[in-house]
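Read off the chains here:
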Amino acid sequence: MELPAWLCGLWALLLFAASCGNTAPTEIQPPVMNLSVSVENLCTVIWTWNPPEGASPNCSLWYFSHFGNKQDKKIAPETHRSKEVPLNEKICLQVGSQCSANESDNPSTLVEKCILPPEGDPESAVTELQCVWHNLSYMKCTWLPGRNTSPDTNYTLYYWHNSLGKILQCENIYREGQHSTCSFTLTKLDSSFDQYSVQVMVKDDAGKIRPSFNIVPLTSYVQPDPPHIKSLSFQNGVLYVLGKNPQNFGRTCLFYQVEVNNSQTGAHFIFSDEKLICDNSEIEGNLEGTICFRVPGVPPDTLNTVRMRVKTNTLCYENNELWSNWSPVMTIGKKTNATLYTTILLIIPIIVAGAIIVLLLYLKRLKIIIFPPIPDPGKIFKEMFGDQNDDTLVQLLIVVSLL
């Protein structure tokens, strides 16, 4: 059945109108105006600009921007852009205008605005500026002095994060070997707190060195406190280790490691398999905030020492390389009889001393048998003729001469 001619024409007209309505202008727009840059807090860089003059009235303006080497491209209708970035190097942003959010459209001529690093000798800035969030309760930052820095330089550390109304100064600065260290309280205020970052700046009191900056994401560089072993027990030849998680951490955010040392065999085992985690139903008592491990192959009839440590996992945090310290050691198994051990220690020196004396006496007699003494001829003649007078000796010499 063929459609009427007028219906076909109406359909074609509707398709043409729809295609024209969805087609954005393709002409290139003028560049943006009055691009400027400023810094808020310690490391929040903000670029702002004005819409271009003489833009097409049929154009819904969007702004294409990216940093140097075309990094972090973005197309948005806002006339500003911000980024948290350490101010240790030059940072530039290029901005252009276009009539759609399509990246394939040609933007206007790009306008660039840069922010320069702080003034000063780069060799004077501190190096290896690193910060670790310890047990979600305080942050510890360490650094080394710059190459062109006096050894007696007095440093100051400033920090800021989203929950602070102003920039704060770290008061607790001390030395740990060659490193300078500063710690400040940092607690998790709400569930979204760890989605932010901490901005840090270190400089000297006299203003002679170049400031150094760092941004610490709160989803990384987290080090828990060591766990605590609550109890050890053997059940059906299997060692059960019951530990308590460090404060502020749940089981789902931690990766565990158990170390067992056998005092008799000297065997050393480290277990970190998640399959060894047992159900809390296998252990009696209050198990809130605890973790249970089944450790096979540990001999129960000897003394064993056990300790644990933990680190964050990638389920909750980006970085999982910072292990906690080892927990205090706990022992289980049969101990050696202390009285017998002491008695053996006292008897052994006496036996050794007696054996040495007997050996010395035996060696003296053995020497006489193997190496008998050689007679002394002078002594023999003296014994034979010691009682004779001089005349007898003279006669004896005359007889010998005549013979």
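Residues numbered from 1 in each chain as written. Predicted model: local features only at pLDDT ≥ 70, side-chain atom pairs only at ≥ 80, totals over all residues. Heavy atoms only, no water.

A short note on the overall build of the chain
So, point 1. When helices and strands are tallied, the chain shows four helices and 23 strands.
So, point 2. Expressed as a percentage of the 403 residues in the chain, the buried residues total 33%. (Helix = DSSP H or I, 4+ residues; strand = E, 2+ residues; numbered from the N terminus. Buried < 20%, exposed > 50% of the residue type's maximum accessible area, 1.4 Å probe, protein only.)

Thoughts on the environment of T156
So, point 1. Among the structural elements, T156 can be located in strand β10 (residues 155–160).
So, point 2. Exposure remark for T156: the relative accessible area of 6% places this residue in the buried category.
So, point 3. Between the alpha carbons of T156 and C182 there is a distance of 9.0 Å; along the sequence they are 26 residues apart.
So, point 4. Excluding residues that lie within four positions of it along the chain, T156 makes contacts with Q169, I173, M201, V202, K203 and D205.
So, point 5. Among the polar contacts listed, one links the side chain of T156 to the side chain of D205, at a separation of 2.3 Å. (Contact = heavy atoms within 4.5 Å. Polar contact = N/O pair within 3.5 Å; in protein donor to acceptor, adjacent residues only side chain to side chain.)

Brief notes about the nonpolar core
So, point 1. Core analysis: the largest hydrophobic core is formed by 45 residues, its most contacted members being M139, L157, V198, V200, L239, V241 and F293.
So, point 2. In terms of residues, this core owes the most to one element, strand β19 (residues 254–262), which gives four residues.
So, point 3. Discounting residues that sit within four places of it in the chain, V200 has contacts with L42, L129, C131, C141, L157, Y158, Y159, S212, F213 and N214.
So, point 4. Counting residues in hydrophobic clusters, the runner-up holds 19 residues, among them V32, V85, L93 and F213. (Core = buried A, V, L, I, M, F, W, Y, C linked by side-chain atoms within 4.5 Å.)

Observations regarding the packing of aromatic side chains
So, point 1. Enumeration according to the criterion identifies seven aromatic pairs in this entry.
So, point 2. Judged by centre distance (5.4 Å) and plane angle (70°), the rings of W47 and F67 are edge-to-face. Here the residue W47 occupies a position in strand β2 (residues 44–50), and F67 occupies one in strand β3 (residues 62–67), the gap between them amounting to 20 residues.
So, point 3. Relative to Y317, the ring of F249 lies with its centre 6.4 Å away and its plane at 55°, an arrangement referred to as tilted. Here F249 is found in the loop between β18 (238–244) and β19, whereas its partner Y317 is found in the loop between β22 (304–312) and β23 (330–332), with 68 residues between them in sequence. (Phe/Tyr/Trp six-rings, centres within 6.5 Å; stacked < 30°, edge-to-face > 60°.)

Describing the sheet that holds β3
So, point 1. Taken in spatial order, the four strands line up as β4-β3-β6-β7 in an open sheet, and their pairing is antiparallel. Across the chains shown, the open sheet's two edge strands, defined by having one partner strand only, are β4 (71–76) and β7 (111–115). Geometrically, the sheet is characterised by an average inter-axis angle of 20° between neighbouring strands, direction not taken into account.
So, point 2. Here strand β6 (residues 91–98) pairs with β7 via five bridges, running antiparallel. From the neighbouring strand, L93 faces β7, where its bridge partner is K113. (Pairing = 2+ DSSP bridges. Axes fitted to C-alpha atoms, helices over the stretch in contact; angles between N-to-C directions.)

Function cannot be read off these values alone, since they describe shape.
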